[in-house]
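Residues per chain are reported as follows:
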Amino acid sequence: MKQNWHDLLFAHWEVATEQVRRLVPASLDLDLFNGKAYVAVAPFHMSGIRARMLPALPGLRRFPELNVRTYVRYRGIPGVYFFSLDAANLAAVWSARFAYGLPYFHAEMSARSSAEAIDYSSRRKQTGDPHSHSGAEFRGRYWPVSEPKVREKDSLEYFLTERYCLYAVRRARLFRAAIHHLPWPLQDAGAEIELNTMATTAGIELPQSKPLLHFSRFLEVLIWGPEHLVIR
């Protein structure tokens with residue numbers, strides 16, 4: 001599957017390792033940077049979504065998405081583990097849940113981009129799903145404050161963003177999906193976050209400290225189908 005990601009903010013917080021460990025499946029190792037765990041809230045919007053060799057799907061061409069994620073390894077292979085993924089398109093939510101086993105939720109969302117900043121809001125809808133956490137909300141604006149550049153391989157920024165697979169657990173079975181893209185053209189960023197309960201509803205208490213902020217204007221992404229991993 002091909003996707004284009006636009007106007008993405010990485011807002012990262014350092015969190016207590018034990019807090020993350022109890023929420024991540026035991027089959028996955030936490031991936032730590034200098035012994036520290038990180039959680040990200042990442043709002044953006046997508047376009048050009050299509051399966052391989054097919055045109056963009058009607059009704060799925062462009063919509064906002066917001067992820068809450070951390071970093072894991074399985075047999076030494078680093079990747080991303082998602083606590084939640086909110087999207088404004090219901091068909092995309094159910095398709096991703098079915099195909100990848102990811103914790104997608106339907107939300108009322110808005111992403112307005114201007115020359116100065118991106119104004120973003122998300123409020124998860126009540127769907128009857130006991131795991132939907134209808135109080136999950138995000139409101140804020142963010143903007144780049146530097147020129148784009150690719151980060152050094154030993155840097156924290158590289159560790160947090162250059163991830164080329166995702167992991168998911170469905171019915172006690174572990175899956176991995178490969179992701180391909182060019183290195184992130186990251187810009188340092190500023191943000192005014194008015195409301196953020198996205199991590200709280202997943203069971204994570206973010207610290208009051210200012211997050212580490214990075215911005216990316218555009219990235220083309222390829223995502224492969226999930227591979228079932230045999231847990232030993």
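Just above sits the structure.
Quick caveat, the model's predicted, so the values are computed rather than measured. Every chain begins its residue count from 1, and numbering advances along the sequence as written. Where totals are concerned, whole chains, interfaces and linings use all residues; where local detail is concerned, this predicted model gives features only for residues with pLDDT of at least 70, and gives and counts side-chain atom pairs only at 80 or more. Heavy atoms throughout the structure, all of them, feed into the side-chain values; hydrogens and water do not.

Chemist: Would you take a moment to explain the packing of aromatic side chains for this structure?
Modeler: The description of an aromatic ring pair rests on the distance of the ring centres and on the angle between the ring planes. Working definition: rings of Phe, Tyr and Trp (its six-membered ring) pair if their centres are within 6.5 Å, and the pair is stacked with planes under 30 degrees apart, edge-to-face with planes over 60 apart, and tilted otherwise. Counted according to the given criterion, the structure contains ten aromatic pairs. Between the aromatic rings of Y71 and F159, the centroid separation amounts to 6.2 Å while the plane-to-plane angle is 65°, which identifies the pairing as edge-to-face. You can see Y71 sitting in strand β4 (residues 62-74) and its partner F159 sitting in helix α3 (residues 156-161), a full 88 residues away along the chain. By the burial criterion, Y71 is buried, and F159 matches it. Aromatic rings pair up to connect W5, F10, F44 and W184 into one cluster. The ring of F159 has R163 sitting right over it, with the charged end atom 4.5 Å from the ring centre. Just above the ring of F175 sits the side chain of R170; from NZ or CZ to the centre is 5.0 Å. Secondary structure follows DSSP: runs of H or I at least 4 residues long count as helices, runs of E at least 2 residues long count as strands, and numbering of each begins at the N terminus. Under the scheme applied here, a residue whose accessible area is under 20% of the maximum for its type counts as buried, over 50% as exposed, and between as partly exposed, the area being computed with a 1.4 Å probe on protein chains only. Sitting over a ring, as applied to charges here, requires NZ of Lys or CZ of Arg to be within 6 Å of the ring centre and within 35 degrees of the ring normal.

Chemist: Would you mind showing me how to read unusual backbone geometry here?
Modeler: For residues that are not glycine, phi is negative in most cases, and the peptide bond is trans in most cases. In this structure, D7 takes a positive phi of about 50° despite not being glycine. By the secondary structure assignment, D7 is in strand β1 (residues 2-15). Taking relative accessible area as the criterion, D7 reaches 5% and is therefore assigned buried. Positive phi, normally seen in glycine, also occurs at R171, with a value near 50°. Inspection of the secondary structure assignment puts R171 in the loop between β9 (165-170) and β10 (173-180). In this structure R171 comes out as exposed when scored by relative accessible area, which is 75%.

Chemist: Would you mind showing me how to read the pattern of salt bridges here?
Modeler: Side chains carrying opposite charge are able to pair once their charged atoms draw close together. Criterion for a salt bridge: a side-chain nitrogen of Lys or Arg within 4 Å of a carboxyl oxygen of Asp or Glu. Under the defined criterion, the tally for this structure stands at twelve salt bridges. A salt bridge links D31 to R73; the nearest nitrogen and oxygen atoms lie 2.9 Å apart. You can see D31 sitting in the loop between β2 (29-30) and β3 (37-50) and its partner R73 sitting in strand β4, a full 42 residues away along the chain. Look at D31 and you get buried, because its relative accessible area is 6%. Residue D31 pairs with R163 through a salt bridge whose shortest N-O separation is 2.9 Å. Here the residue D31 occupies a position in the loop between β2 and β3, and R163 occupies one in the loop between α3 and β9, the gap between them amounting to 132 residues. Taken individually, D31 and R163 each receive the classification buried, so the pair is uniform in this respect. In the salt-bridge network here, residues are joined through shared partners; they are D31, R73 and R163.

Chemist: What am I meant to see in the environment of W5 here?
Modeler: Here W5 is to be found in strand β1. Residues W5 and Q126, spaced 121 residues apart in sequence, show a C-alpha to C-alpha distance of 26 Å. We call two N or O atoms a polar contact when they sit within 3.5 Å, provided that within protein one can donate a hydrogen and the other can accept it, with sequence-adjacent residues counted only if both atoms are side-chain atoms. A polar contact of 2.8 Å, which involves the side chain of W5, links it to the side chain of Q3.

Chemist: What is the right way to look at empty space enclosed by the protein in this model?
Modeler: A probe matching the size of a water molecule, rolled over the atoms, marks out where space remains unfilled. Using protein atoms alone on a 1 Å grid, points that fit a 1.4 Å probe yet trap it form a cavity, whereas open point sets bounded by protein on both sides within 12 Å along at least five of seven lines form a pocket; residues with an atom within 4 Å of a point count as lining. Grid points are joined across faces, edges and corners, and a volume is the space filled by probe spheres set on the points. Taken as a whole and assessed by the stated rule, the structure comprises two cavities of 30 Å³ or more. A volume near 40 Å³ is recorded for the second largest cavity. What lines the second largest cavity is simply W5, L8, F10, A42, F44, N67, R69 and W184. Elements supplying a minimum of two residues to the lining of the second largest cavity: β1, β3 and β4. Top contributing element to the lining of the second largest cavity by residue count: β1, with three residues. Following the grouping adopted for this structure description, the nonpolar residues are Ala, Val, Leu, Ile, Met, Phe, Trp, Tyr, Cys and Pro, the charged ones are Asp, Glu, Lys and Arg, and the polar ones are all others, Gly among them. Classifying every residue of the lining of the second largest cavity by side-chain character gives six nonpolar, one polar and one charged.

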